[in-house]
Amino acid sequence: MTATGGFVVELDKFSGPLDLLLHLIKEDEVDITDLPIAKIADQFLSVIADLGLNQAADYLEMAARLLRIKAQMLLPRRLGDDEWEDPRAELVRRLLEYQQIRELVDWLGHAADARAERFGRGYEAPPPDAPPAPLQIDLNDLLAAAERVIALIPEPMLHRVVPRPLDVEGATARIEALLAERETFGWSEAVGPQATLVDVLSTFIALLELAKRSSLMLSQSEPFGPMVITRAIPREAA
Amino acid sequence: MQSLAKLLEAALFAASRPLTLEELASLDATAGEAAVRDALADLRSAYGDEHGVELVEIAEGWQFLTRREYAETIERAQFALRPRRLSPAALETLAIIAYRQPVGRLEVDEIRGVDSGAVMDKLVERGLIEVVTRGEGLGRPLLYGTTPSFQEILGLKNLEDLPRLEELSVALRRPTPVDEPE
């Protein structure tokens, strides 16, 4: 990912906001004790926005701190004001302290690598990764986490489902009326003009039902051919 | 080799961890610590360059370790494997605890600028840090320190083996406790 500053930053590279700040300071080759706070603050904000870190509390807190210092630097101060305290002092102290820690990290890393090249007796294969330790959080943390998750859930797409019951009785009545008039007729007459899907289904079920009751006979001259409906010869009641 | 040196050699060979001077001295009640120290020096020079293992002073004790030049071959054959490297976050946390011990979680969080609870739990689990005491402040916070295992995985003779802060290029005096106004 490329940040607006024109340099490349990767999320995994940073172990926290101080690390990111040190990185920016090194990139810009500026003096840590005389920090150009406005420039660094702007870069910090644009980088965390680019990396999507602006959701992370640690980074947000640092962003807020930088903006506050930037604002304090803009306040006018009288010449020769001995009371004036550099608003950057605390941040610079923390950065120097953190830089020292980073140097120790390099040293410890090299020491561990060197030690790893010597084996002692009683070698045991390293144990597999232990399962994560049980969570230790309070209710507020849990609620805050739940809210963050809920915020990510997209608005659900709602569909209105309208029940449209089949009108089998209506279709049956219509077919019986047709049967009373004519001995034989076709499917299109049974369904009627401009039939909807519901009409088609209603008519089809009505026809099957009437055929079962032996009120009519259904026939096709060939597979998939037009359906012909014929009045059944009334049988003697059994 | 004197018999005391042979005894120490056998004990160090049998043990799978560094043995301290006191532990080694307990092997022979008649020999004082000074004699044990001399015998250890003899033993170390006896191993000298002539052997594939050497006697190393480590974690406030002594241990036989293989020489570095054989690490790759041994590992390739899978007779022993190098331990997994510690993450930068773990090393950062260890560095802070090593220099500030005993130190509470809040101070570690403050120096690193990020929440370090999970990393510290992992380090406790790996036996590299442990709770050493409780602080005076509100809620009597748990204070952590490094363990002998920490010195062992870094190959430190003792904690004085860590670089002195003045030796770092970013020399910084130990900051005064945070009681200065915002």
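This one's a predicted model, so the numbers in the text were calculated from it and none came from an experiment.

Participant: I'm lost on the overall build of chain A in this one. Help?
Facilitator: Across its full length, chain A carries 8 helices and 3 strands. Buried residues in chain A amount to 18% of all 238 residues. Within chain A, contacts between residues separated by at least 24 positions form 56% of all contacts whose residues are at least 6 apart in sequence.

Participant: I'm lost on the nonpolar core in this one. Help?
Facilitator: Across soluble globular proteins, you tend to see nonpolar side chains buried next to one another. Core analysis: the biggest nonpolar cluster contains 59 residues, and F44 of chain A together with L8, L94, A95 and I97 of chain B have the highest contact counts within it. For L8 of chain B, the residues in contact, after removing those within four places along its chain, are L24, V36, A39, L40 and L43 of chain B. Of all hydrophobic cores here, the second largest spans 8 residues; its members include A171, I175, L207 and L216 of chain A.

Participant: Before we go on, may I ask you to explain the pairing of strand β1 (residues 53-58) of chain B in this structure?
Facilitator: Within a regular strand, the side chains alternate between the two sheet faces. Judged from the 6 bridges that link them, β1 of chain B and strand β2 (residues 61-66) of chain B form a sheet pairing that is antiparallel. The partner of E57 of chain B across the bridge, within β2 of chain B, is W62 of chain B.

Participant: Could you clarify how one ought to interpret the sheet that holds strand β5 (residues 142-146) of chain B in this entry?
Facilitator: Two pairing modes exist for strands in a sheet, parallel and antiparallel, and in both the strands are linked by backbone hydrogen bonds. The strand order across the open sheet formed by 3 strands is β3-β5-β4 (chain B), and the pairing between neighbours is antiparallel. At either end of the open sheet lies a strand with only one pairing partner, and these are β3 (103-104) and β4 (129-134) of chain B.

Participant: Explanation requested: the interface of chain A and chain B in the structure shown.
Facilitator: Many structure descriptions define interface size as the accessible area lost when the parts assemble. Each side of the interface is counted separately: chain A has 35 residues, and chain B has 40 residues. Looking at the side of chain A that touches chain B, the elements with two or more residues in it are α1 (17-28), α3 (57-74) and α4 (89-115) of chain A. For the side of chain A that touches chain B, a count of residues per class yields 20 nonpolar, 7 polar and 8 charged.

Participant: Sorry if this is basic, but what is going on with the packing of helix α6 (residues 168-181) of chain A against helix α8 (residues 197-212) of chain A here?
Facilitator: If you want to describe how two helices pack, look at the angle between their axes and the distance between the axes. All names here are of chain A. Axis separation between α6 and α8 bottoms out at 8 Å; the angle between their running directions is 65°. In terms of crossing hand, the pair formed by α6 and α8 is right-handed. Contacts from V168, G170, A171, T172 and I175 of α6 reach α8 at S202, T203, I205, A206, L207, E209 and L210. Here the contact of α6 with α8 is composed, by residue class, of 7 nonpolar, 4 polar and 1 charged.

Participant: Quick question: what am I supposed to make of the sheet that holds strand β1 (residues 184-186) of chain A here?
Facilitator: Residue and element names in this part refer to chain A. Reading across from one edge, β1-β3-β2 is the order of the 3 strands in this open sheet, with antiparallel pairing throughout. Unpaired on one side and paired on the other, β1 and β2 (216-220) mark the two borders of the sheet. The average undirected angle you get between the axes of adjacent strands in this sheet is 25°. Where β1 meets strand β3 (residues 227-231), 3 bridges bridge the pair, whose relative direction is antiparallel. Residue pairing for β3: T184 is matched across the bridge by T230. Strands β2 and β3 of the sheet are contacted by α8, whose axis makes an angle of about 115° with β2.

Participant: Explanation requested: unusual backbone geometry in the structure shown.
Facilitator: Note: most peptide bonds trans; most residues except glycine with negative phi. A cis geometry characterises the amide bond from Q101 of chain B onward to P102 of chain B, with omega recorded as -5°. Along the chain, P102 of chain B turns up in the loop between α5 (88-100) and β3. Its identity as a non-glycine residue notwithstanding, F224 of chain A has a phi of 65°, on the positive side. With respect to the element layout, F224 of chain A can be found in the loop between β2 and β3. Residues other than glycine seldom take positive phi values, yet E60 of chain B does so here, at roughly 60°. Here E60 of chain B is to be found in the loop between β1 and β2. Looking at E60 of chain B, the number of C-beta atoms within 10 Å reads 17, which means it is partly exposed.

What counts, and at which threshold
Residues numbered from 1 in each chain as written. Chains lettered and ligands numbered in written order. Predicted model: local features only at pLDDT ≥ 70, side-chain atom pairs only at ≥ 80, totals over all residues. Helix = DSSP H or I, 4+ residues; strand = E, 2+ residues; numbered from the N terminus. Buried ≥ 20, exposed ≤ 12 C-beta atoms within 10 Å, placed from the backbone. Contact = placed C-beta atoms within 7 Å. Core = buried A, V, L, I, M, F, W, Y, C linked by C-beta atoms within 7 Å. Pairing = 2+ DSSP bridges. Nonpolar A, V, L, I, M, F, W, Y, C, P; charged D, E, K, R; others polar. Axes fitted to C-alpha atoms, helices over the stretch in contact; angles between N-to-C directions. Left-handed = near helix turned anticlockwise from the far one by under 90°.

From the geometry alone we can't say anything about function, so treat these as descriptive.
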